[in-house]
Amino acid sequence: MRTLPLPLLLLLTLASLLPASPAAAPPPASAPITDAGPLAECLALQGNLSRQTTALAELQAHSQAVVAQRELERMRTEARIQALESEKNRLLSAAVIAILLLLLGAATAFGLLLRKRHGQLRRLSEVDALTGLNNRHAATAMLNAMAAQPGPAGTRHVLFLIDVDHFKQINDTHGHHVGDDVLVALAARLKAACRPTDLVARWGGEEFLVACTNLTREQAEQVAARLRRAMAYTLETAHAARPITVSLGLAPIPFFDAGSDQWAAGRWDYALRMADRALYAAKRNRDAWVGYWGAQLPDDATAEAVLEQPEAADGIVTVMSSVPRIVATSSEIARASSLRALRAQG
């Protein structure tokens, strides 16, 4: 509402108070002339003007109070708007932080899940599904690491190859499910007979592999005898009881004394080759173990020549066995072949 200026308001008020009268007629001749009428009107006019001035002042004060009240309401409204904006920004920031935390938690959980899945897949790729032992892939990696770290003087790592006797006959007679049960039982017995630090694996089919660190030749013989006894048991079937036995072949890693050939010192394939040959000799008798233990390789003999006919390498390869007849036969072979013939093959 627009407020009029004070002088204009006064003039308008004065005009409203003046009486509208017709043209003055000449006073009657008999009326006396006096000055009391105009003075009273002036006093009345002054009183009215004073009252109008007071009313106008009150009106202006009220108008200013209304304006002040509206300004106060406006300021309160702006303050509420600012408070709401601040609250909205705070809630938005909290929501963003919560979302980021959720995303971080989800990413962490997903990463842990991926790591767990990767570990499970890696274990599946390294574990034999039937027996729960290390498979050939895992055993190969462990043999590489083992061969790279030679043991103390006078000891070597030793590799044992183990084969189940008459396993094909077990499968043909009782079925492959019984053959699987035999492998599971033998794996459990083999694991229980080995040290926690030993490598125990299913090498393939009915063959198992064990690798032990830091053994002397005498200790290797004792381990072979213990493993053969531990894995022997009686299979109870619906028709009859059947004895289960195994044959073992062993060889050291490195096969030859490391002092003679540093290149061959880190090779475990020589030991595997000789353990397999020893296993073949043990299976001629069944329920037996045979081992070949290489000494220092002379300068005039090659590793390949000795590995082809270890029984004939007298003084280089020692033949060990749980069956004396096998050792005697190896000695006869050694006498039949000369070291000179081995050197010629090299």
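For the structure, see preceding data.
Keep in mind that what you see is a predicted model, and the values were worked out from it rather than measured.

Enquirer: When you look at the packing of helix H4 (residues 167–174) against helix H5 (residues 176–193) in this model, what are you seeing that I'm missing?
Expert: When two helices pack together, you describe them by how their axes are tilted relative to each other and by the distance separating the axes. Interhelical geometry of H4 versus H5 gives an angle of 135 degrees and a closest axis separation of 6 Å. By the angle between their axes, H4 is oblique relative to H5. Listed contacts from H5 to Phe167, Ile170, Asn171 and His174 of H4 are His176, His177, Val178, Gly179, Val182 and Leu183. Of the residues belonging to the contact of H4 with H5, the class tally is 5 nonpolar, 5 polar and no charged.

Enquirer: What is the right way to look at the sheet that holds strand E6 (residues 246–253) in this model?
Expert: Pairing between the strands of a sheet is mediated by backbone hydrogen bonds and can be parallel or antiparallel. Overall, mixed pairing links the 6 strands, which are arranged E2-E3-E1-E6-E7-E8 in an open sheet. Of all strands in the sheet, those bounded by a partner on one side alone are strand E2 (199–204) and strand E8 (317–321). When strand polarity is set aside, the average angle formed by the axes of neighbouring strands in this sheet is 20 degrees. Two elements, strand E1 (residues 156–164) and strand E3 (residues 207–215), share 7 bridges in a ladder whose sense is antiparallel. Each residue of the ladder has a partner; that of arginine 156, found in E3, is leucine 215. Seen against the sheet, helix H3 (residues 136–147) touches E1, E2, E3 and E6 and runs at an angle of roughly 130 degrees to E2. Across the sheet, helix H6 (residues 217–231) is in contact with E1, E3, E6, strand E7 (289–294) and E8; its angle to E3 comes to roughly 145 degrees.

Enquirer: Just to check I follow, could you spell out unusual backbone geometry for this structure?
Expert: A negative phi angle is the norm for most residues apart from glycine, just as the trans form is the norm for most peptide bonds. Cis geometry is found at the peptide bond from isoleucine 253 to proline 254, where omega equals -5 degrees. Considering the arrangement of structural elements, one finds proline 254 in the loop between E6 and helix H7 (262–265). Backbone geometry at asparagine 214 places phi at a positive 55 degrees, although glycine is not the residue there. Looking at where asparagine 214 falls in the secondary structure, it is placed in strand E3. Unlike most non-glycine residues, arginine 286 shows phi in positive territory, near 65 degrees. Note on arginine 286: relative accessible area 30%, which makes it partly exposed.

Thresholds, definitions, all that
Residues numbered from 1 in each chain as written. Predicted model: local features only at pLDDT ≥ 70, side-chain atom pairs only at ≥ 80, totals over all residues. Heavy atoms only, no water. Axes fitted to C-alpha atoms, helices over the stretch in contact; angles between N-to-C directions. Helix = DSSP H or I, 4+ residues; strand = E, 2+ residues; numbered from the N terminus. Parallel < 35°, antiparallel > 145°, perpendicular 65-115°, else oblique. Contact = heavy atoms within 4.5 Å. Nonpolar A, V, L, I, M, F, W, Y, C, P; charged D, E, K, R; others polar. Pairing = 2+ DSSP bridges. Buried < 20%, exposed > 50% of the residue type's maximum accessible area, 1.4 Å probe, protein only.

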